[in-house]
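# Overview (structure and organization)
Each chain, written out:
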Amino acid sequence: MLQVKALPLAELRERSSEKWREYPADVLPLFVAETDFPLAPAITTTLQRAVEIGDTGYVASRTPLAESFAGFANRRYGWNPDPARMRSTADVSMGIVEILRRVTQPGERVVVTPPVYPPFYDLVAEAGAEVERVPLRDTGTRWELDLDGIRAAFEGGATAILLCNPHNPTGTVHDRESLAALAELADEFGAAVVSDEIHAPLAQPGTGFMPFLAVSDAARRVGYAVVSVSKAFNLAGLKCALMVTADDATSEVVRALPVEVEWRTGQFGLLAAVAAFSEESDAWLDGLLRTLDENRVLLEDLLAAHLPGARYRIPDAGYLAWIDLSALDWGDNPARRILRDAKVALHFGPAFGAEGAGHVRLNFGTSPEILTEAVERIAALVGR
């Protein structure tokens, strides 16, 4: 079986992306959601050929992107979305903003479920709406949607919810039952559900992934999904995402977006996405999932051995670990001390909401060697 391995550290430091340019070379960067793996071969071949023939013009009005995603969704999720109900744009964040602008009025409230991806707060504001926080419920073994809190928010006038599924930073894959209940609530109150499903290809096989639009008729009536391969295949810089709908009314909302929203799609992003969605890339993605499975377990073992005060739950999906370091008494934002004294860059927990106090987010989409060194560096701070 294919095993996808991270590139050597010396080679990674040749990269010029945010992960490798934000901090000095003595810092191990495990903060931003970029991975350390080589591109899937089909993507490399596609991009190399595009450069060779100068295929660097405008994105065409007719492309195979939607059909490619539909095939991927059928193979990976057992879902058959209609390519005619999709439009592309530059990235998931842009898709979210453009949809929220059409399903909310200025000043209306949009529910978010912290701790959550920090740009969510800014995206709601960019769309002209206001954030209403309904934190995830911590059951002691997993995180789940607070459906009672969401009902109260809708009763109080919130007109949409920005769903993160799989959830960033906890790695939670929301189950069919909770998504169906959310859809019923939104349908009852005439609210929209905008589902960010960027981490969906990284759901581990043992958990699986349930697309929001595949849950129920109610979900299809109220829902919009925004998808991309940028996290799974490390393509964030190439700019390509899809806005997906499953109902006549929601499809009309997306169809009515200005053509410029679609023209913001990157040509290289589109070409790479088609290659990523193809069957040719399935074996690579499966190999990546095996590597991430090993890393998420390795991290648990490393924390138990070196930082027993840390609290960490193995995520259902992705390569982001949400770690509670409150017991170490390093303050509300322990990542600051870790960066300064251990030379390891982690994402600041409080950026995800008040629930992130004492937490850090760690990117384990790297080699076992880098992951091990990072934890050992952090552990060396204990008692200092």
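This text goes with the structure placed above it.
A brief look at the structure comes next.

Conventions used here
Residues numbered from 1 in each chain as written. Predicted model: local features only at pLDDT ≥ 70, side-chain atom pairs only at ≥ 80, totals over all residues. Heavy atoms only, no water. Helix = DSSP H or I, 4+ residues; strand = E, 2+ residues; numbered from the N terminus. Rg over C-alpha atoms; globule rule 2.2 N^0.38 Å. Contact = heavy atoms within 4.5 Å. Areas by Shrake-Rupley, 256 points an atom, 1.4 Å probe, with all protein chains shown as cover. Lys, Arg positive; Asp, Glu negative; His and termini not counted. Charge placed at Lys NZ, Arg CZ, Asp CG, Glu CD. Patch = residues over 30% accessible without salt bridge, like charges linked within 9 Å, V, L, I, M, F, W, Y side chains within 5 Å. Salt bridge = Lys/Arg side-chain N within 4 Å of Asp/Glu carboxyl O. Pairing = 2+ DSSP bridges. Axes fitted to C-alpha atoms, helices over the stretch in contact; angles between N-to-C directions. Buried < 20%, exposed > 50% of the residue type's maximum accessible area, 1.4 Å probe, protein only.

Attention shifts here to the overall build of the chain. For the chain, the count of helices and strands is 15 helices and 15 strands. Here the C-alpha atoms of the chain give a radius of gyration of 20 Å, agreeing with the 21 Å that 2.2 N^0.38 yields for 384 residues. C-alpha extents for the chain along the principal axes are approximately 60 × 55 × 35 Å. A fraction of 73% describes how many contacts in the chain between residues 6 or more apart in sequence connect residues 24 or more apart. Accessible surface, the chain: about 15500 Å² in total, of which carbon and sulfur atoms supply 50%. When the 36 basic and 53 acidic side-chain charges of the chain are each reduced to a single mean position, those positions are 3 Å apart.

We now examine a nonpolar patch on the surface. On the surface, a cluster of nonpolar side chains totalling about 400 Å² of accessible area is made up of Tyr58, Val259 and Trp263. Following the sequence through the fold, Val259 ends up in helix α11 (residues 259-263).

This brings us to the sheet that holds strand β3 (residues 109-112). Across the sheet, which stays open at both edges, the seven strands sit in the order β2-β10-β9-β8-β7-β3-β4 with mixed pairing between neighbours. Two strands bound the open sheet, and with one partner strand each, they are β2 (86-89) and β4 (130-133). Geometrically, the sheet is characterised by an average inter-axis angle of 25 degrees between neighbouring strands, direction not taken into account. Examined bridge by bridge, β3 and strand β7 (residues 160-164) share two bridges and lie parallel to one another. Residue pairing for β7: Val111 is matched across the bridge by Ile161. Against the sheet, helix α5 (residues 92-103) contacts β2, β3, β7, β8 (192-196), β9 (223-227) and β10 (241-244), and its axis sits at roughly 160 degrees relative to β9. Of the strands in this sheet, β3, β4 and β7 are in contact with helix α7 (residues 147-155), which crosses β3 at around 175 degrees.

Our focus in this paragraph is the sheet that holds strand β14 (residues 347-348). Strands sit in the order β11-β12-β15-β14 across an open sheet of four strands; the sheet is antiparallel. Single-partner strands in this sheet number two, and they are β11 (311-312) and β14. Pairing of β14 with strand β15 (residues 359-363), which is carried by two bridges, proceeds in the antiparallel orientation. Bridge assignment links His347 to a residue of β15, and that residue is Arg361.

Another point: the pairing of strand β12 (residues 320-324). Of all five residues making up β12, five are buried, and the element is well covered by its neighbours. Of the two faces of β12, both are covered, the one formed by Leu320, Trp322 and Asp324 as well as the one formed by Ala321 and Ile323. Note: β11 against β12, two bridges, orientation antiparallel. Paired with Arg311 across the bridge in β12 is Asp324. The pairing of β12 with β15 spans five bridges and is antiparallel. Note on β15: the bridge partner recorded for Leu320 is Asn363.

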